[in-house]
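Structural description and commentary
One-letter residues, chain by chain:
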Amino acid sequence: MPQMFRDAKLYRSMLYIPGHKLDWMLKAPKYGADALMFDLEDSVEIAEKAGARESVAAAIQGLRTGSFGRFVRLNGWRTGHLLDDVNAVVVDGLDGVGLAKTEGPEDIAALDLVLGELERSRGLPLGRIEICPHAETALAMYRFYEICMASPRVKRAGYTGAPGGDLARSLGVQPEDPTEAGTYFGAHSVLQARAAGIVHIAGGMTGQLNDLNLVRRIGEKSKRMGASWASAIHPSHIPVINEIYSPSETEIDEARDIVSAFAEAVARGEAAVRYKSMLVDYANIRSAIDVLKKAQAAGMVVGDIPEIELPAY
């Protein structure tokens, strides 16, 4: 039986903004992130959470016509805040929620039911709101495949830990180089998420605000390890992240040439063709088409692409 993959909008970058800062949220689109994550969890003090929920709902409604994604990081289950969070922010324009402190598949399944009830009662499209699981403990990482399989709403996931964060503390990780944790645990999360049919894989991030070289190093290593996008907590990181997770002009040209060469081979009744020093078949074509789709999603010009009918698997 072929593996089923979960389709979703392509994002290269996601910018976190504190949920109690309405003016920050409203001006955030100018920084160029493909998606915004309005945070109701760690960046908001308990006494400010009620007001932050109102601000986040206002920001979603005020920005609902933008082409970028609108997400909200919720407080986790067992905090006493989650139900108030979702009740406030499930409004027209919300694209997804991040579930902080996800411990297991039951957390995702429960949130799926709550979101479904709110979508029904508010006349919103059923199942449209995504869930992004934030695995921040050793147990959650161990159960990551089950977490990803708990709901079809989970369409993007990965290792998003930063040195000194909750996950690093739970794992006891003290890397000499900030890119090392992504190598150790990023590969694990890529395997689990991909096995669950998720192709939108989050890369590592950093809490260092002014070190753009570190942002680049983490991003480039994460991309080599299978990541397709990353989050940031500072606007200055967004241009670097967008560049890393966008195909280069060289990659676009080669992907287009591969597809064109293969299309000519198919027209001759062949299912493989020599391209430069490489034998190209359907597996290579799928990879090339993925590159071109990413480029198109990023607003890049890819030229004329011949259509090729691909086998089911």
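Residues numbered from 1 in each chain as written. Predicted model: local features only at pLDDT ≥ 70, side-chain atom pairs only at ≥ 80, totals over all residues. Heavy atoms only, no water.

**Brief notes about the pattern of salt bridges**
Overall, the coordinates contain 20 salt bridges when judged by the stated rule. The shortest N-O distance in the salt bridge between arginine 128 and aspartate 95 comes to 2.6 Å. You can see arginine 128 sitting in the loop between helix H4 (105-121) and strand S5 (130-135) and its partner aspartate 95 sitting in the loop between helix H3 (82-89) and strand S4 (96-102), a full 33 residues away along the chain. In this structure arginine 128 comes out as partly exposed when scored by relative accessible area, which is 41%. Three or more residues joined by partner-sharing salt bridges are found here, namely Asp39, Glu41, Asp42, Arg73, Lys101 and Glu136. (Salt bridge = Lys/Arg side-chain N within 4 Å of Asp/Glu carboxyl O. Helix = DSSP H or I, 4+ residues; strand = E, 2+ residues; numbered from the N terminus. Buried < 20%, exposed > 50% of the residue type's maximum accessible area, 1.4 Å probe, protein only.)

**Focus on the UniProt feature "binding site: substrate" (unreviewed entry) in the protein chain**
The residues that UniProt annotates with the feature "binding site: substrate" (unreviewed entry) are Arg73 and Glu136. For the annotated residues, spread through 64 residues, the largest C-alpha to C-alpha distance comes to 13.3 Å, consistent with a single compact locus. Among the structural elements, arginine 73 can be located in strand S3 (residues 69-74). If we ignore the near neighbours within four places in the chain, the residues touching arginine 73 are Tyr16, Met37, Phe38, Asp39, Leu40, Glu41, Asp42, Gly98, Ala100 and His134. (UniProt positions renumbered as here; feature names shortened; annotations may be inferred. Contact = heavy atoms within 4.5 Å.)

**Points about unusual backbone geometry**
Even without a glycine there, the phi angle at arginine 78 is positive, about 75°. Along the chain, arginine 78 falls in the loop between S3 and H3. Look at arginine 78 and you get exposed, because its relative accessible area is 60%. Positive phi, normally seen in glycine, also occurs at lysine 101, with a value near 55°. Among the structural elements, lysine 101 can be located in strand S4. Relative accessible area serves as the criterion here: at 26%, lysine 101 is assigned to the partly exposed category.

**Description of the environment of valine 199**
Topologically, valine 199 is positioned in the loop between helix H8 (180-195) and strand S7 (200-202). When its relative accessible area of 24% is taken as the criterion, valine 199 is described as partly exposed. When the C-alpha atoms of valine 199 and lysine 155 are compared, they prove to be 7.7 Å apart, with 44 residues separating the residues in sequence. The residues contacting valine 199, other than those within four sequence positions of it, are Phe5, Arg6, Arg194 and Ser228.

**Observations regarding the sheet that holds S5**
As summarised here, the arrangement of the six strands in space is S5-S4-S3-S2-S1-S8, forming an open sheet in which the pairing is parallel. Among the strands making up the open sheet, the edge pair consists of S5 and strand S8 (230-232). Strand-to-strand twist of the sheet, defined as the mean angle between neighbouring strand axes without regard to direction, takes the value 25°. By the bridge criterion, three bridges tie strand S1 (residues 13-18) to S8 in an arrangement that is parallel. By the bridge assignment for S8, leucine 15 is matched with alanine 232. (Pairing = 2+ DSSP bridges. Axes fitted to C-alpha atoms, helices over the stretch in contact; angles between N-to-C directions.)

**A closer look at helix H11 (residues 249-267)**
Between the first and last C-alpha of H11 there are 27 Å, a value that for 19 residues agrees with the 27 Å anticipated at 1.5 Å per step. Where H11 is concerned, the buried positions are Ile252, Ala255, Ile258, Val259, Ala261, Phe262, Ala263 and Ala265. Just downstream of H11 lies glycine 269, where phi reads positive at about 90°. (Expected span 1.5 Å × (residues − 1).)

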